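If you want the building blocks of each chain, they are given just below.
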Amino acid sequence: MLDLHRLRLLRELKHRGTLAAVAEALSYSPSSISQQLSVLEKEVGVPLLEPVGRRVRLTAQAEILVAHTEAVLARLERAEADLAASLEGITGVLRVAAFQTAALALVPDALTLLRDAHPRLRIEITQREPESALPALLARDFDLVITEEYPGEPGPRPAGVEYAELGDDEIGLAVPSGAAGTGLRGLARVPWVMEPVGTASRQWATRLCREAGFEPDVRFESTDLLLHLRLVERGHAAALLPGLVWAGRPPTVRVVRLPAEQRTRRLSTASRQGGGEHPAVRAFRAALADGFAQQNRSVGGSLHRD
């Protein structure tokens, strides 16, 4: 019988990449991790790791073991969900990763709802972009991740992850004060603020400007959308801002509606396979959905149609 603990160490190595990262995450020493994996190699009778420079990678046989380990862990996730559902009230710890605007606009209201409805549930929130949060979800650092996808820029959907759609968040063209133009073409000569190169938001925004016939003059880069907003408010840049940045309040700058096929990002929540039915995950998703519906009602009527 293969030892599940050692199989989980092998799985952790696949998701985290190095023995040092596994050791840090699990509070073991790298030598202890290495010894446990050596024992696992003896149990299965084939090499599981091969050196690549100063690192190691999994062999084909190790990948087979990890695939089966994922299936076992998914069943255990379902077992935990069924056990939790059999109890009165929701308890335990739920670890959530949320990108900035979701953390600002949706999470506080969800926490209020759940504090009142389920006072024995402890919720831990970390601000994290989906690109790094999804691998951390698979590595069991989080139980739930709030994700985003921009029009025409579908993000990767790793195996072993379940998604539940939250809804569409409208993105508007935020026009700086004093700008002569308002639509995309009219802002071709205006400085822009965008997220860094390589992000899904930046790829989408750049493509949008190019389709309008110009290369955006990106003078400011930041993942902080509140900084984007401040630069627009002070007249320094144009920006493409999602509705959640207003957190339910009226926009503080002129925001022009984009064409229908280009103006929404899709928000979802992601959990590990088998974990989506856990009562805590379901309760948090329901609270998010309630808050998101209220946000859309607040902001939707405040955008201009130029």
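Residues numbered from 1 in each chain as written. Predicted model: local features only at pLDDT ≥ 70, side-chain atom pairs only at ≥ 80, totals over all residues. Heavy atoms only, no water.

Visitor: Teacher, can you tell me more about the environment of Arg-122 here?
Guide: Within the secondary structure layout, Arg-122 lies in strand E4 (residues 121-127). What makes Arg-122 exposed here is its relative accessible area of 51%. Separated by 83 residues in the primary sequence, Arg-122 and Ala-205 have C-alpha atoms spaced 37 Å apart. Apart from the residues lying within four places of it in its own chain, the contact partners of Arg-122 are Gly-92, Val-93 and Leu-94. (Helix = DSSP H or I, 4+ residues; strand = E, 2+ residues; numbered from the N terminus. Buried < 20%, exposed > 50% of the residue type's maximum accessible area, 1.4 Å probe, protein only. Contact = heavy atoms within 4.5 Å.)

Visitor: Is there a simple way to explain the packing of aromatic side chains in this structure?
Guide: Pairs of aromatic rings are described using the distance from one ring centre to the other and the angle between the two planes. Under the definition given, this model contains two aromatic pairs. Ring centres 5.5 Å apart and planes at 35° place the aromatic pair Tyr-150 and Trp-204 in the tilted group. Of this pair, Tyr-150 sits in the loop between strand E5 (144-149) and strand E6 (161-175) while Trp-204 sits in helix H8 (residues 200-211); the two residues are 54 residues apart in sequence, bridging distant segments of the chain. Relative accessible area serves as the criterion here: at 1%, Trp-204 is assigned to the buried category. The interplanar angle of 35° and the centroid separation of 6.3 Å between the aromatic rings of Trp-192 and Phe-214 together place this pair among those described as tilted. Pair noted here: Trp-192 is in strand E7 (residues 191-194) and Phe-214 is in the loop between H8 and strand E8 (217-221), with a separation of 22 residues, a long-range link. Judged by relative accessible area, which is 0%, Trp-192 ranks as buried. (Phe/Tyr/Trp six-rings, centres within 6.5 Å; stacked < 30°, edge-to-face > 60°.)

Visitor: So what exactly am I meant to see when it comes to the environment of Leu-48 here?
Guide: Assignment of secondary structure puts Leu-48 in the loop between helix H3 (30-44) and strand E1 (49-52). Separated by 113 residues in the primary sequence, Leu-48 and Val-161 have C-alpha atoms spaced 25 Å apart. Non-local contacts of Leu-48, meaning those with residues more than four positions away in its chain, are made with Leu-10, Leu-40, Glu-41, Arg-57, Leu-58, Thr-59, Gln-61, Ala-62 and Leu-65.

Visitor: Just checking my understanding: could you explain H3 for this structure?
Guide: One turn of an α-helix holds 3.6 residues; hence residues three or four places apart share an orientation. Given a rise of 1.5 Å per residue, 15 residues ought to cover 21 Å, and the 21 Å separating the end C-alpha atoms of H3 matches this to within 8%. Against helix H1 (4-16), helix H2 (19-26) and E1 lie the buried residues of H3. One or two steps after H3, the chain reaches Gly-45, where phi turns positive at roughly 80°. (Expected span 1.5 Å × (residues − 1).)

Visitor: Sorry if this is basic, but what is going on with a nonpolar patch on the surface here?
Guide: A cluster of nonpolar residues, Leu-4, Val-72 and Leu-76, forms a patch on the protein surface that exposes about 210 Å² of accessible area. Topologically, Leu-4 is positioned in helix H1. Judged by its relative accessible area of 32%, Leu-4 is partly exposed. (Patch = residues over 30% accessible without salt bridge, like charges linked within 9 Å, V, L, I, M, F, W, Y side chains within 5 Å. Areas by Shrake-Rupley, 256 points an atom, 1.4 Å probe, with all protein chains shown as cover. Salt bridge = Lys/Arg side-chain N within 4 Å of Asp/Glu carboxyl O.)

Visitor: It is not clear to me how unusual backbone geometry should be interpreted in this structure. Could you clarify?
Guide: For residues that are not glycine, phi is negative in most cases, and the peptide bond is trans in most cases. Even without being a glycine, Arg-140 presents a positive backbone phi close to 70°. Assignment of secondary structure puts Arg-140 in the loop between helix H7 (130-138) and E5. Arg-140 sits in the buried class, given a relative accessible area of 18%. At Ala-247, a position not held by glycine, the phi torsion is positive, near 50°. Residue position: Ala-247 is located in the loop between strand E9 (239-242) and strand E10 (254-257).

Visitor: So what exactly am I meant to see when it comes to the pattern of salt bridges here?
Guide: Opposite charge on two side chains lets them pair, provided their charged atoms get close. Evaluated as defined, the whole model comprises 27 salt bridges. Its salt-bridge partner being Asp-143, residue Arg-272 comes within 3.2 Å of it at the nearest N-O pair. On the criterion of sequence distance, the pair formed by Arg-272 in strand E11 (residues 264-272) and Asp-143 in the loop between H7 and E5 is long-range, its members being 129 residues apart. For Arg-272, a relative accessible area of 7% puts it in the buried group.

Visitor: How do you make sense of the nonpolar core when you look at a structure like this?
Guide: By size, the foremost hydrophobic cluster in this structure holds 25 residues, and its most contacted members are Leu-94, Leu-106, Ile-146, Phe-284 and Leu-288. Taken together, the elements giving at least two residues each to this core come down to strand E3 (92-98), helix H5 (100-105), helix H6 (107-117), E5 and helix H10 (279-299). A per-element tally of this core places H10 first, with seven residues. Counting 19 residues, the second largest nonpolar core, distinct from the first, contains Leu-187, Trp-192, Trp-204 and Val-256. (Core = buried A, V, L, I, M, F, W, Y, C linked by side-chain atoms within 4.5 Å.)

Visitor: Could you clarify how one ought to interpret the pairing of E5 in this entry?
Guide: Residues in a regular strand project their side chains so that they alternate between the two faces of the sheet. The buried fraction of E5 is high, at five of six residues. Bridge count between E3 and E5: two bridges; the pairing is parallel. In the sheet register, Val-96 faces E5, and the bridge partner there is Leu-144. As paired strands, E5 and E11 are joined by five bridges and run antiparallel to one another. For Ile-146, the partnering residue across the bridge sits in E11 and is Thr-269. (Pairing = 2+ DSSP bridges.)

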